[in-house]
Amino acid sequence: MRKIALSPADYRLAFVVLGVVALVPLAVRSEYWLGVVITGLYFAMLAQNWNLLAGITGLFSMAPAAFAMVGAYTTGLLYHHAGLGPWIGVPAAALVSAAVGFGLGRITLRLRGAYLALTTLAFSEILRLVIANSIEWTRDLGLSVVGIFGGAKVPILYLFLGVLTAYQVLLMLLLRSRVGLFLLAIRDDEVGAVARGVDIVRYKTLAFTISSAGCGIAGALFVHFLQLASPELGLILQTGLVISMVVIGGMGTVTGPLVGALLMEVAAEALREVGVRHLLVFSAMVILVGRFFREGLMGAVARLRRGARLVAQPTSSDAERLA
Amino acid sequence: MLILEILFTGLLMGSFYALMALGLTLIFGILKIVNFAHGEFFMIGAYAYTLLVLRAGMPQVPAIVTAMVLGAVVALLMERLLMRPLYTGVIGAGALRDEYAIIVTFGLSLFLINLSHQVLGPYPIKGPDLVGVSRVELLGFFVSPHRLLASGLAALTLGLIVWLIRTTVWGKRVQAVAQNRFGAAIAGIDHARVSALVLALSGGIVALSGALLSPLFHAYPDVGAFPAVKSFVVVVLGGLGSIPGSIVGGLLLGVLENFGAIYVSYEYRDTFGFVILMLVLLLRPQGLFGERAREV
């Protein structure tokens, strides 16, 4: 069976999506909706970084929002206490969140599945409580941070898009190299990967470090757009949103997280106007996608194009499924 | 005397941690998955009890029973709609199975939280006490009689469930399916039905904890987050799937937290559990009573 995930069509589609976003400022003049698209790009960065960890390497982390918060507070504290702007703050955020991600990746190496999810969940909650409680450093209502481009929406949108595109190119190069194959091997069969000589310690830590750095950069950029760093960025609900976007878009594909994040951020605004909580709709979709369409939106599109049945059929044997 | 008081109130809280963790560990034992929607059954119980007593004027005891039944019914629905695929072959095995379970239960958790937000609003409602008296003196210090009674009920339920699983035929079936689903199926045990019953039991006792603790923690959409993470901590501490582990772990966490809150820092009391969780996972991943997992 041919799969959409990481096929040439998948990579091409991802760049088409980015191209479409580049045209948005030509058609949309509303400051409000430009802000929505910028937020969508922020979530697309988080989604793509989480996808590298969960969708590609098979490490189901619950901490993408926590790493965004690490990045946000790195640049926020540098600005607030040392007067340093985003040009130093954002690279510093990348370094700090990469270091924290390296550490967390290192200590959770042996954990998989639910254990890894629980540990990363615990990590992000501790971090959020510590940040929210250290008010001498982090202030009561969050840190106010300097804006970029005088707060003009269009340049900010292109900055975010540029960073996301650069990341997308690097991700493609990574996935098409030997390292990409190692990551997929770890996801599909860890024991087999070890047996074939894949240094899983090294590549799991690598995936964790890259993903955390990416989330940190996204978080740092986003607070310079919001001009406020607050512990709200690290809420489990934010992680829930990122996971929803990737699951609905299609885990393990490169286009799915982008499409999921952008579409759902816009949909969230539309739902807000109707007075329905967006997470109510998204979580219902997550359950349905998880239950019936394992490859999300991207998988469903590919299946429809092939004329295959939309819902997967039982594949494993009796002995396997009852084990 | 202070130490005795901290120990005692810690045990009161610990009996609830044990009860909630038991609900989580039962599901892990039988399905080998962690239920990330665990806290939402607590929320369902808290809301059901609070609203039935305050809005519908139902007496406390039938309201508690109804809350339990509601929790069990939602758990049965969850089993039928979302957990069945885990053993009907649609999902596959190993890591894929874990991933599926996390996605659907986490999705369910978000769904239930947001559903109650949408329907009932964000405002906390304080649950009614079981007894009118506000405090009684015991062993030289004061405790709330509601907490005393509620913890007694929690301990009673714990004992009842341990008895059920250890001695009855039904409990032996549960043990059989937990040990080897395939083997149990060959021996003629209806494993799907056993799983459904265990999930209903788990939903029921977690909803019971929610109802009994609603005077303390109130009823609001996100109320389940705190009991869920505490239960995660307890089951990991005691060993996933181990019944004695979750009871000892629950009491231990209740006491440790209470001492930590008084002697270390009150603001950071909720972080102790997380620190314990991370330490256990790193140093002794199988927990106090768990068995080391083997891979073929």
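Every chain is numbered independently, its residues counted from 1 as its sequence is written. By the order in which they are written, chains take letters starting at A while ligands take numbers starting at 1. pLDDT decides what is reported in this predicted model: residues at 70 or higher carry local features, side-chain atom pairs at 80 or more are listed and counted, and totals for whole chains, interfaces and linings draw on all residues regardless.

Trainee: Outline the overall build of chain B, listing residues and values.
Mentor: Runs of H or I in DSSP of at least four residues are treated as helices and runs of E of at least two as strands, each being numbered from the N terminus. What chain B contains, in helices and strands, is eleven helices and two strands. Going from the N terminus to the C terminus, chain B shows its helices and strands as α-α-α-α-β-β-α-α-α-α-α-α-α. Computed over the C-alpha atoms, the radius of gyration of chain B is 19 Å, within 12% of the 19 Å expected from 2.2 N^0.38 for a compact globule of 296 residues. Along the longest, intermediate and shortest principal axes, the C-alpha atoms of chain B span 55 × 45 × 35 Å. In this scheme every C-beta is placed from the backbone, and a residue whose C-beta has 20 or more other C-beta atoms within 10 Å is buried, one with 12 or fewer is exposed, and one in between is partly exposed. Relative to its 296 residues, chain B shows a buried fraction of 54%. Note on contacts: residues are paired as contacts if their backbone-placed C-beta atoms lie within 7 Å. Relative to all contacts within chain B whose residues are 6 or more apart in sequence, the contacts with residues 24 or more apart total 76%. What the globule rule says is 2.2 Å times the number of residues to the power 0.38, and the radius of gyration is computed from C-alpha atoms.

Trainee: Would you mind going over the overall build of chain A in detail, with residue names and values included?
Mentor: Looking only at helices and strands, one finds 15 helices and two strands in chain A. For 323 residues, the compact-globule formula gives about 20 Å, and the C-alpha radius of gyration of chain A, at 20 Å, lands near that figure. Dimensions of chain A along its principal axes, counting C-alpha atoms only, are 60 × 45 × 35 Å. Here chain A, with 323 residues, has 52% of them falling under the buried criterion. Looking at chain A alone, contacts between residues at least 24 apart form 78% of all its contacts between residues at least 6 apart.

Trainee: So what's going on with the interface of chain B and chain A? Residues and values would help.
Mentor: Contacts between the two partners involve 44 residues from chain B and, on the opposite side, 41 residues from chain A. Where the side of chain B that touches chain A is concerned, the elements lending two or more residues are α4 (95-120), α7 (181-186), α9 (225-238) and α11 (269-283) of chain B. Per element, the largest residue contribution to the side of chain B that touches chain A is 16 residues, and it comes from α4 of chain B. Here the side of chain B that touches chain A is built from residues that sort into 30 nonpolar, eight polar and six charged. For this scheme, ten residues count as nonpolar: Ala, Val, Leu, Ile, Met, Phe, Trp, Tyr, Cys and Pro. Four count as charged, namely Asp, Glu, Lys and Arg, and the remainder, Gly too, count as polar.

Trainee: Explain the environment of A178 of chain B to me, using residue names and the numbers behind them.
Mentor: Residues and elements named next belong to chain B. On the secondary structure map, A178 appears in helix α6 (residues 169-179). Judged by the 21 C-beta atoms lying within 10 Å of it, A178 falls in the buried class. C-alpha of A178 to C-alpha of E40: the two residues are 138 residues apart in sequence and 24 Å apart in space. A178 has contacts with G29 and I30, leaving out every residue within four places of it along the chain.

Trainee: Account for the packing of helix α13 (residues 278-292) of chain A against α4 of chain B, naming residues and giving values.
Mentor: Where helices are involved, their axes are fitted lines through C-alpha atoms of the stretch in contact, as for all axes, and angles between N-to-C directions lie from 0 to 180°. The N-to-C vectors of α13 of chain A and α4 of chain B enclose an angle of 155°; their axes lie 8 Å apart at closest approach. Judged on the interaxial angle alone, α4 of chain B and α13 of chain A are roughly antiparallel. In the crossing of α13 of chain A with α4 of chain B, the sense of the turn from one axis to the other is left-handed. In this structure, α13 of chain A contributes L279, L280, S283, A284, V286, I287, G290 and R291 of chain A to the contact, and α4 of chain B contributes Y100, I103, V104, G107, L108, L110, F111, N114, L115 and Q118 of chain B. Residues belonging to the contact of α13 of chain A with α4 of chain B are distributed by class as follows: twelve nonpolar, five polar and one charged. To sort the angles, those under 35 degrees are grouped as roughly parallel, those over 145 as roughly antiparallel, those from 65 to 115 as roughly perpendicular, and the leftovers as oblique. Crossing handedness: left-handed means the near helix sits turned counterclockwise from the far one by under a right angle, and right-handed means the same turn made clockwise.

Trainee: With reference to specific residues and values, describe α9 of chain B.
Mentor: Since the α-helix packs 3.6 residues into each turn, any two residues three or four apart lie on the same face. By definition here, a helix of n residues has an expected span of 1.5 Å times n minus one. When the terminal C-alpha atoms of α9 of chain B are compared, their 20 Å separation across 14 residues agrees well with the 20 Å that a helix rising 1.5 Å per residue should span. Of all 14 residues in α9 of chain B, twelve are buried, a share of seventy percent or more. Of the residues making up α9 of chain B, those classed as buried are P227, A228, V229, K230, S231, F232, V233, V234, V235, V236, L237 and G238 of chain B. Looking at the buried side of α9 of chain B, the elements it contacts are α5 (113-133) of chain A together with α1 (2-31), α2 (38-54), α8 (191-217), α10 (243-263) and α11 of chain B. Where α9 of chain B ends, the next residue or the one after it, G239 of chain B, has phi of about 110°, a positive value.

Trainee: Help me get a handle on the confidence of the model for chain B, residues and values and all.
Mentor: All names here are of chain B. Mean pLDDT over chain B works out to 88, with 96% of the residues at or above the 70 mark. Per-residue confidence from the predictor is reported as pLDDT, which spans 0 to 100. Within chain B, strand β1 (residues 136-138) has the poorest average pLDDT of any element, 75, and α2 the best, 95. Overall fold confidence for the complex sits at a pTM of 0.90, while the interface term, ipTM, reaches 0.87.

Trainee: I'd love a proper account of the packing of helix α2 (residues 31-56) of chain A against helix α11 (residues 236-249) of chain A, names of residues and values included.
Mentor: Residues and elements named next belong to chain A. Where α2 meets α11, the closest approach of the two axes is 9 Å, and the angle between their N-to-C directions is 75°. Classified by the interaxial angle, the pair formed by α2 and α11 is roughly perpendicular. Residue-level inspection shows F43, L46, A47, W50, N51 and G55 of α2 in contact with α11, the latter providing L241, V242, M245 and V246. Looking at the contact of α2 with α11 residue by residue, the class counts come to eight nonpolar, two polar and no charged.

Trainee: Go over unusual backbone geometry, please, and point to the residues and values.
Mentor: The phi angle at Q227 of chain A is positive, at roughly 60°, despite the residue not being glycine. For Q227 of chain A, the location among the structural elements is in the loop between α10 (200-226) and β2 (228-229). Take Q227 of chain A: there are 13 C-beta atoms within 10 Å of it, and that puts it in the partly exposed class. Despite not being glycine, K32 of chain B has its phi angle at roughly 60°, a positive value. K32 of chain B sits in the partly exposed class, given 19 other C-beta atoms within 10 Å.

Trainee: Give a detailed account of helix α12 (residues 255-274) of chain A, specifying residues and quantitative values.
Mentor: Residue and element names in this part refer to chain A. For α12, spanning 20 residues, the distance from its first C-alpha to its last is 28 Å, which sits close to the expected 28 Å at 1.5 Å a residue. Within α12 the residues assigned to the buried category are T255, G256, P257, L258, V259, G260, A261, L262, M264, E265 and A268. The elements touched by buried residues of α12 are α1 (8-27), α2, α11, α13 and α14 (296-306). At the exit of α12 stands G275, carrying a positive phi of roughly 90°.

Trainee: Lay out the environment of G83 of chain A with the relevant residues and their values.
Mentor: Residue and element names in this part refer to chain A. Within the secondary structure, G83 is located in the loop between α3 (64-82) and α4 (86-107). C-beta crowding within 10 Å serves as the criterion here: with 9 such atoms nearby, G83 is assigned to the exposed category. Each C-alpha atom of the pair G83 and V146 lies 9.6 Å from the other, and the pair is 63 residues apart in sequence.

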